[in-house]
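Structural characterization, general
Take a look at the letters that make up each chain.
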Amino acid sequence: ALSFWIELIRTLELPSISHMAKRRELTDVYPAMTYIREHYAQTITIETLAAVCGMSVSSFRQNFKKRVGILPNHYIDDIRLSKALQLLIGTEMGILEVALACGYNSLSSFNSHFTAKYGVSPTSWKKSQRAIKKRIDTHSVYHPDTYVK
């Protein structure tokens, strides 16, 4: 997903003919991408995304895969998992709360998607991030109260 954004930024910055064509291609599915980013916490259907882009379902699936490089359902999952990482790091929300806030209908669905993408369960990942943060906090380089002139 990150490579898509890098490519999008590159195509929007470069005015060559080939980049203009690439920008025009992404424009076809950009409304769906925006819709997904704004509604990731809700149920999103391919029919809705196709309608947002003014395409038939089959045309939308084909165009999205061709232009973005992944299927729409995988893009939805990437956006949801990215948001889940942010919530797991930046909040005290429990795993179930994060799952529901990111559009997953069950904890088991969230766990399986998360583990498939990152190779570790959300619980294990959150624990490891806390341990890293704790080590960083306890090993700070500068302690103003122990500084000697």
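Refer to the preceding data block for the structure.
About the thresholds
- Residues numbered from 1 in each chain as written.
- Predicted model: local features only at pLDDT ≥ 70, side-chain atom pairs only at ≥ 80, totals over all residues.
- Heavy atoms only, no water.
- Helix = DSSP H or I, 4+ residues; strand = E, 2+ residues; numbered from the N terminus.
- Buried < 20%, exposed > 50% of the residue type's maximum accessible area, 1.4 Å probe, protein only.
- Contact = heavy atoms within 4.5 Å.
- Areas by Shrake-Rupley, 256 points an atom, 1.4 Å probe, with all protein chains shown as cover.
- Expected span 1.5 Å × (residues − 1).
- Patch = residues over 30% accessible without salt bridge, like charges linked within 9 Å, V, L, I, M, F, W, Y side chains within 5 Å.
- Salt bridge = Lys/Arg side-chain N within 4 Å of Asp/Glu carboxyl O.
- Core = buried A, V, L, I, M, F, W, Y, C linked by side-chain atoms within 4.5 Å.

What about the overall build of the protein chain?
A count of helices and strands for the protein chain gives eight helices and zero strands. The helix and strand sequence of the protein chain, counted from the amino end, reads α-α-α-α-α-α-α-α. The buried share among the 149 residues of the protein chain stands at 30%. Summarising the internal contacts of the protein chain: among those between residues at least 6 apart in sequence, 50% fall at separations of at least 24. By element, 58% of the accessible surface of the protein chain is carried by carbon and sulfur atoms, the whole surface being about 9500 Å².

Points about helix α5 (residues 72-90)
With 19 residues, α5 should reach 27 Å at 1.5 Å per residue; the first-to-last C-alpha distance of 27 Å fits that figure. Those residues of α5 not exposed but buried are Pro 72, Tyr 75, Ile 76, Asp 77, Asp 78, Ile 79, Arg 80, Leu 81, Ala 84, Leu 85, Leu 87 and Leu 88.

Some details on a nonpolar patch on the surface
Together, Leu 96, Leu 100 and Leu 107 make up an exposed nonpolar region whose accessible area comes to about 250 Å². Within the secondary structure, Leu 96 is located in helix α6 (residues 95-101). Leu 96 gets classed as partly exposed once you look at its relative accessible area, which sits at 45%.

Comments concerning the nonpolar core
Val 29, Ile 36, Leu 49, Phe 60, Phe 64 and Tyr 75 are the most contacted members of the largest nonpolar core, which has 18 residues in total. Mapped onto this core, the elements with two or more residues apiece are α2 (17-39), α3 (46-52), α4 (57-68) and α5. Looking at which element gives the most residues to this core, the answer is α2, with five residues. If sequence neighbours within four positions are ignored, Val 29 has contacts with Cys 53, Met 55, Phe 60, Asn 63, Phe 64, Arg 67 and Val 68. Leu 81, Leu 88, Ile 95 and Cys 102 belong to the second-largest nonpolar core, a separate cluster that totals 13 residues.

Notes on the pattern of salt bridges
Tallying each qualifying case throughout the model produces two salt bridges. Across the pair Asp 28 and Arg 67 runs a salt bridge, and its minimum N-O distance is 3.1 Å. Placement of the pair is Asp 28 in helix α2 and Arg 67 in helix α4, with a sequence separation of 39 residues. A relative accessible area of 11% means that Arg 67 is categorised as buried. Residues Asp 78 and Lys 117 are paired through a salt bridge, measuring 3.0 Å at the closest nitrogen-oxygen approach. You can see Asp 78 sitting in helix α5 and its partner Lys 117 sitting in helix α7 (residues 107-118), a full 39 residues away along the chain.

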